[in-house]
Each structure stands twice: as C-alpha cells, then as structure tokens.
Amino acid sequence: MSTSTTGSAVRRIFVDKQSPAAYQALVHTSEAVHAVAAEAGFDRVVVELINLRVSQLNGCAFCLDVHTKAALRAGETTQRLGVLAAWRDTELFTPEERAALALAEATTHPADAGAQQAAYDTAHEVLTDDQVSAVIWVAITINAFNRVSIMSKHPVRPRPASA
C-alpha cells in the first residue's frame, strides 16, 4: 500500500501479477522486438538508449532503474547515460542513435505531427526501413512496459553501489 500526496491510502495492484497471461504476452512481444532490432543491425546499447529515453519521457522510475543497469551491462558509458535527457545538446551520440532517439520520442508523443514527420524524415536519411521499424517497435514496447510499471507503482529498491 502506498500513500498519495494528500495522505490518503492508495491501493494499487501489480497488473503484471494480477493478469500474468497478458503480461507474458508483452514479454514475448519484447523478446520478438529485441530479435527484430538485432536483425536490423542494432546492438543492445541502442535498444537500451531507446528504452531509457522513452522511460525518461514517461517518468517511469522502475524502468529507468532496470534499463540503466541493462545499458551499463551492454557497455554504455555513465557519461552518455548522464546526458541522455539532453542528447540533442551533445555530440556524444552517433547520427544513427540521434535518429533513433528522435523517432522513439515521436512514437512516445505521436500527437505532435510536425515533430513526428521531422523524426521520420531524419530517420530515413540514416536508417534502413528495417531499422526504422525496429526503433518504432522498441519504443512501442517500452511504452507498454512503462504503463504497466507506472500504473502498478512498481517500487525501485535500493541496491549496493556496485550493483
């Protein structure tokens, strides 16, 4: 049980536990999407950058925690992770990564038609059609996981500094 900002009790269920068949379908989708991304030529770092940027936009603390750890395991640097929220203001990301991040943002906030078209146009300059599709699928999938964790209020538990 958690409490709201007004002090009243808020009851949340872990929807992944409450409806395990639906959650497992999402897990299987994620596995298929990771295979699509690998087949399109993306390494795990790019997938994790997308996962992290979308999770930042959605404010999903649980997914940020999970995917920061995964990105570090995949070889991402703490410097790039630290500036990911301001990726447009650095030269630390490749043109392909920048295109993927912009497209992931447009997938997360599709109502901005101008930004969506600009992201698509830029993506087509540096990514293949398979890569564009993979980026969109990765973004769709992490958006779904973000909603599961946000609506369930999955907790972020402290871990030792070396973890």
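The rules behind the values
Residues numbered from 1 in each chain as written. Predicted model: local features only at pLDDT ≥ 70, side-chain atom pairs only at ≥ 80, totals over all residues. Heavy atoms only, no water. Helix = DSSP H or I, 4+ residues; strand = E, 2+ residues; numbered from the N terminus. Rg over C-alpha atoms; globule rule 2.2 N^0.38 Å. Buried < 20%, exposed > 50% of the residue type's maximum accessible area, 1.4 Å probe, protein only. Contact = heavy atoms within 4.5 Å. Areas by Shrake-Rupley, 256 points an atom, 1.4 Å probe, with all protein chains shown as cover. Lys, Arg positive; Asp, Glu negative; His and termini not counted. Charge placed at Lys NZ, Arg CZ, Asp CG, Glu CD. Phe/Tyr/Trp six-rings, centres within 6.5 Å; stacked < 30°, edge-to-face > 60°. Axes fitted to C-alpha atoms, helices over the stretch in contact; angles between N-to-C directions. Parallel < 35°, antiparallel > 145°, perpendicular 65-115°, else oblique. Nonpolar A, V, L, I, M, F, W, Y, C, P; charged D, E, K, R; others polar. Expected span 1.5 Å × (residues − 1). Polar contact = N/O pair within 3.5 Å; in protein donor to acceptor, adjacent residues only side chain to side chain.

Novice: Please give an account of the overall build of the protein chain that cites residues and values.
Specialist: For the protein chain, the count of helices and strands is eight helices and two strands. For the protein chain, the sequential pattern of α-helices and β-strands runs β-β-α-α-α-α-α-α-α-α. Over its C-alpha trace the protein chain gives a radius of gyration of 17 Å, about what one expects of a compact globule, namely 15 Å for 163 residues. In terms of its C-alpha atoms, the protein chain occupies a principal-axis envelope of roughly 50 × 35 × 30 Å. A buried classification covers 38% of the 163 residues belonging to the protein chain. Long-range pairs, those at least 24 residues apart, make up 66% of the contacts in the protein chain with a sequence separation of at least 6. Carbon and sulfur atoms make up 57% of the accessible area of the protein chain, which totals about 9200 Å². Distance between charge centres in the protein chain, computed from 14 positive and 17 negative side chains, equals 15 Å.

Novice: So what about the packing of aromatic side chains? Which residues, and what values?
Specialist: For the structure shown, the criterion picks out one aromatic pair. An angle of 80° between the planes, with centres 5.9 Å apart, marks the rings of Tyr 23 and Phe 145 as edge-to-face. Of this pair, Tyr 23 sits in helix 2 (residues 20–39) while Phe 145 sits in helix 8 (residues 129–152), placing them 122 residues apart in sequence. Tyr 23 sits in the partly exposed class, given a relative accessible area of 25%.

Novice: Could you give an account of the packing of helix 4 (residues 61–73) against helix 8, naming the residues involved and the relevant values?
Specialist: Any two packed helices are characterised by how steeply their axes cross, that is the angle between the axes, and by the distance between the axes. Direction vectors running N to C along helix 4 and helix 8 enclose 125°, while the axes themselves pass 8 Å from each other. When the axis of helix 4 is compared with that of helix 8, the two are oblique. Note on element contacts: helix 8 touches helix 4 through Ile 142, Phe 145, Asn 146 and Ser 149, opposite Phe 62, Cys 63 and His 67. Here the contact of helix 4 with helix 8 is built from residues that sort into four nonpolar, three polar and no charged.

Novice: Requested: an account of helix 3 (residues 44–58), with residues and values cited.
Specialist: With 15 residues, helix 3 should reach 21 Å at 1.5 Å per residue; the first-to-last C-alpha distance of 21 Å fits that figure. Restricting attention to buried positions, one finds in helix 3 the residues Val 45, Val 46, Val 47, Glu 48, Leu 49, Ile 50, Asn 51, Leu 52, Arg 53, Val 54, Ser 55 and Asn 58. Residues of helix 3 that are buried in the fold lie against helix 2, helix 4, helix 5 (78–83), helix 6 (95–108) and helix 8. The N-capping residue of helix 3, defined by a side-chain oxygen 3.2 Å from the backbone nitrogen of Val 45, is Asp 43. In the stretch just after helix 3, Gly 59 is the one whose phi turns positive, near 70°.

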